[in-house]
Amino acid sequence: MARYFSTRSADFEAAFARFLAEPRGAVDNVRDRVRDILDAVRQTGGQAVKSYTETFDSLAIDARSLQSDAIDLEALSGECPEDLRAAIDFAAERIAVYHDGQRPADHQFTDAAGVSLGWRWTALDSVGVYVPGGRASYPSSVLMNVVPAKIAGVGRVVMVAPAPNGRLSPAVAYAALRAGVDEFYPIGGAQAVGALAFGAGQLKPVDKIVGPGNAYVAEAKRQVFGQVGIDTIAGPSEILVIADNSANPDWIAADLLSQSEHDPSSQSILLTPDAALATAVRTAVDGHLKNLSTGERAGQAWAKHGAIIEVRSLDDAAELANRIAAEHLELAVDDPEALLPQIRHAGAVFLGHHTPEALGDYVTGSNHVLPTSRAARFSSGLGLMDFLKRMSVQKAGRAGFSALAPAALRLAEAEGLPAHALSVSIRTNDA
């Protein structure tokens, strides 16, 4: 049974703070174990990746090619059912349109000193996309990571995905080919992150690694950051729903469980000023759990990390939502647009009764790779900008140089950098 809080309780603040601070998805000794795996990949490359893949995934791969005779992407893609292909195509098109709309413009202007200033946006040369496996297959994760990279103009998109016991989803295979993956390797875990970062066998290093994964993948991305760029350190899934008396409790219960079913470490929270709705949602959750094939896993997450919080008003709910800074936030209220301006921190927001978070996972076009563990306070979800860099451009002619040189010279002298000063002063006679 999920926990129940009320903001009217005298001990709410202390209890709520403890709740927010509870660890989720922690794995003992993960840092040291990941460090050892990464060190092995750095030192022996493909041989280490081969060994770990055989140990963890029971899949034999070649140390040079990092490929397996058991995995043929083209053949697997052909096994994807036609209706599922159509759904993947539909989602890919919407994701492409949404992310193409995020494209920034180059800019150039001349300031009062006559100096030309501006910036240009350029795409990354190479990106590694990690697609999780294990409990389920995620063709949607392929699309969410690969499509924006290709729209941005990334020259080389490398996908890795574990194939335990030689099994890879035909839907994942079709999504990879549909999205335009340039290279694919059936490897996963920290060893795959190491291969992307350092290179292994024929796999050359990439410039940035994106995509969610388990605790080992997240820790591996943390440890290789600096050697390569990363998108974020993803934690367990989260959903927060703000609902009033206009909400359907059966719908809200289903939305809460849509994240609980991901993993026993997932978190689902309801904020509502309506005590009757809170009771009805709790009952509806229990009913749904009995009928879901993922009910056991979802029930564990709901019991351990779920919560219903009764608030005084929707204004109070919005302020608590900003403190929680959830990955997904649904505003299941009568007038969601009126409440939206009060929301400052959330990975993605879903407005109204007919916009469940699950739509965003697949087909609205918005990206579902989002900040977790309260990281929405300071970061955004994956987007086109993750695959672009802004490059500053400046040009000073004689007049512009003359206008800027005295201040630059004085600052260089103040900082004790004589070569900096010289590079300015040596030009003054020519200006």
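One can find the structure itself at the top, above this paragraph.
Analysis parameters
Residues numbered from 1 in each chain as written. Predicted model: local features only at pLDDT ≥ 70, side-chain atom pairs only at ≥ 80, totals over all residues. Heavy atoms only, no water. Helix = DSSP H or I, 4+ residues; strand = E, 2+ residues; numbered from the N terminus. Buried < 20%, exposed > 50% of the residue type's maximum accessible area, 1.4 Å probe, protein only. Pairing = 2+ DSSP bridges. Contact = heavy atoms within 4.5 Å. Axes fitted to C-alpha atoms, helices over the stretch in contact; angles between N-to-C directions. Polar contact = N/O pair within 3.5 Å; in protein donor to acceptor, adjacent residues only side chain to side chain. Phe/Tyr/Trp six-rings, centres within 6.5 Å; stacked < 30°, edge-to-face > 60°. Core = buried A, V, L, I, M, F, W, Y, C linked by side-chain atoms within 4.5 Å. Parallel < 35°, antiparallel > 145°, perpendicular 65-115°, else oblique. Left-handed = near helix turned anticlockwise from the far one by under 90°. Nonpolar A, V, L, I, M, F, W, Y, C, P; charged D, E, K, R; others polar. Right-handed = clockwise from strand over helix to strand, strands pointing away.

## Description of the overall build of the protein chain
Stage number 1. Looking only at helices and strands, the protein chain has 17 helices and 14 strands in total.
Stage number 2. Considered along the principal axes of its C-alpha atoms, the protein chain spans approximately 85 × 60 × 45 Å.
Stage number 3. Split into buried and exposed, the 431 residues of the protein chain put 48% on the buried side.

## Here we look at unusual backbone geometry
Stage number 1. Phi at Leu66 takes a positive value of approximately 60°, unusual for a residue other than glycine.
Stage number 2. Secondary-structure assignment places Leu66 in the loop between helix H3 (46-57) and helix H4 (73-78).

## Examining the sheet that holds strand E4 (residues 126-130)
Sheet strands pair by backbone hydrogen bonding; their relative direction is either parallel or antiparallel.
Stage number 1. Strand order in the open sheet formed by five strands is E6-E5-E4-E7-E8, with parallel pairing between adjacent strands. Bordering the open sheet on either side are strand E6 (183-185) and strand E8 (229-230), each of which pairs with just one other strand.
Stage number 2. Judged from the five bridges that link them, E4 and strand E5 (residues 156-160) form a sheet pairing that is parallel. In the strand pairing of E5, Tyr130 is matched with Val160.
Stage number 3. Helix H6 (residues 139-152) contacts E4, E5 and strand E7 (208-210) of the sheet and is inclined by roughly 170° relative to E5.

## Some words on helix H7 (residues 170-179)
Stage number 1. Judged by how many residues are buried, H7 sits mostly within the fold: seven of ten residues are covered.
Stage number 2. By the burial criterion, the buried members of H7 are Ala171, Val172, Ala173, Tyr174, Ala175, Ala176 and Ala179.
Stage number 3. Where H7 is buried, its residues meet H4, helix H5 (82-100), H6 and E5.
Stage number 4. For H7, the capping residue at the N-terminal end is Ser169, with a side-chain oxygen 3.0 Å from the backbone nitrogen of Ala171.
Stage number 5. Within two residues after H7, Gly180 carries a phi angle of roughly 100°, on the positive side.

## Comments concerning the packing of aromatic side chains
Stage number 1. If you walk through the whole model with that rule in mind, you get four aromatic pairs.
Stage number 2. When the centroid spacing of 6.4 Å and the interplanar angle of 80° are considered together, the rings of Phe5 and Phe12 count as edge-to-face.
Stage number 3. Here Phe12 falls in the buried class, since its relative accessible area comes to 5%.
Stage number 4. Taken together, a centroid distance of 5.4 Å and an interplanar angle of 55° make the contact between Phe5 and Phe19 tilted. One end of the pair, Phe5, is in strand E1 (residues 3-6); the other, Phe19, is in helix H1 (residues 12-21), with 14 residues separating them in the sequence. Pair check on accessibility: Phe5 and Phe19 agree, each one buried.
Stage number 5. Here the aromatic residues Phe5, Phe12, Phe16 and Phe19 are joined through ring pairs into a cluster of three or more.

## Here's the deal with the nonpolar core
Stage number 1. Formed by 73 residues in total, the largest nonpolar core has its most connected members in Leu143, Met159, Leu168 and Ile187.
Stage number 2. Beyond its immediate sequence surroundings of up to four residues, Ile187 is in contact with Val49, Thr53, Ile61, Leu66, Val160, Ala161, Pro162, Ala192 and Ala195.
Stage number 3. Listed in part, the 24 residues of the second largest apolar core include Ala15, Ile269, Leu320 and Ala346.

## With respect to the packing of helix H16 (residues 398-414) against helix H17 (residues 418-425)
Stage number 1. Relative to each other, H16 and H17 sit at 160°, their axes nearing to 8 Å. The angle between the axes of H16 and H17 places the two elements in the roughly antiparallel class. Considering how the two elements wind past one another, H16 and H17 form a crossing that is left-handed. Contact with H16, carried on its side by Phe401, Ala405, Ala408, Leu409, Ala412 and Glu413, involves His420, Ala421, Val424 and Ser425 of H17 and no other residues of that element.

## With respect to the packing of helix H2 (residues 30-44) against helix H9 (residues 215-224)
Stage number 1. Running from amino to carboxyl end, H2 crosses H9 at an angle of 65°, the nearest separation of the two axes being 9 Å. Taken as axis vectors, H2 and H9 run roughly perpendicular relative to one another. For H2 against H9, the interelement crossing comes out right-handed. Here Val30, Arg31, Arg33, Val34, Arg35 and Leu38 of H2 come into contact with H9, specifically with Ala215, Tyr216, Glu219, Ala220, Gln223 and Val224.
Stage number 2. Classifying every residue of the contact of H2 with H9 by side-chain character gives seven nonpolar, one polar and four charged.

## As for the pairing of strand E9 (residues 238-243)
It is a general feature of regular strands that their side chains alternate between the two faces of the sheet.
Stage number 1. Within E9, six of the six residues are buried, leaving the element largely enclosed by the surrounding structure.
Stage number 2. With burial as the criterion, each face of E9 is covered, one bearing Glu238, Leu240 and Ile242 and the other bearing Ile239, Val241 and Ala243.
Stage number 3. Relative to strand E10 (residues 267-272), E9 runs parallel, the two being bridged by five bridges. The residue of E10 that forms the bridge with Ile239 is Ser268.
Stage number 4. Taking the sense of rotation as the criterion, the β-α-β connection linking E9, helix H10 (residues 249-260) and E10 turns out right-handed.

## Quick word on the sheet that holds strand E12 (residues 328-332)
Stage number 1. Here six strands make up an open sheet; going across it, the order is E1-E11-E10-E9-E12-E13 and the pairing parallel. Both edges of this open sheet fall to E1 and strand E13 (348-351), since each of them pairs with a single strand only. The sheet shows a mean angle of 15° between the axes of neighbouring strands, taken without regard to direction.
Stage number 2. Examined bridge by bridge, E1 and strand E11 (residues 307-310) share four bridges and lie parallel to one another. Paired with Arg3 across the strands is Ala307, a residue of E11.
Stage number 3. Contacts between helix H11 (residues 275-289) and the sheet are confined to E1, E9, E10 and E11, with E10 contributing the most and set at about 155° to the helix.
Stage number 4. Packing against the sheet, helix H13 (residues 314-324) makes contact with E9, E10, E11 and E12, and its axis sits at approximately 170° to E9.

Shape descriptors only; they carry no functional weight alone.
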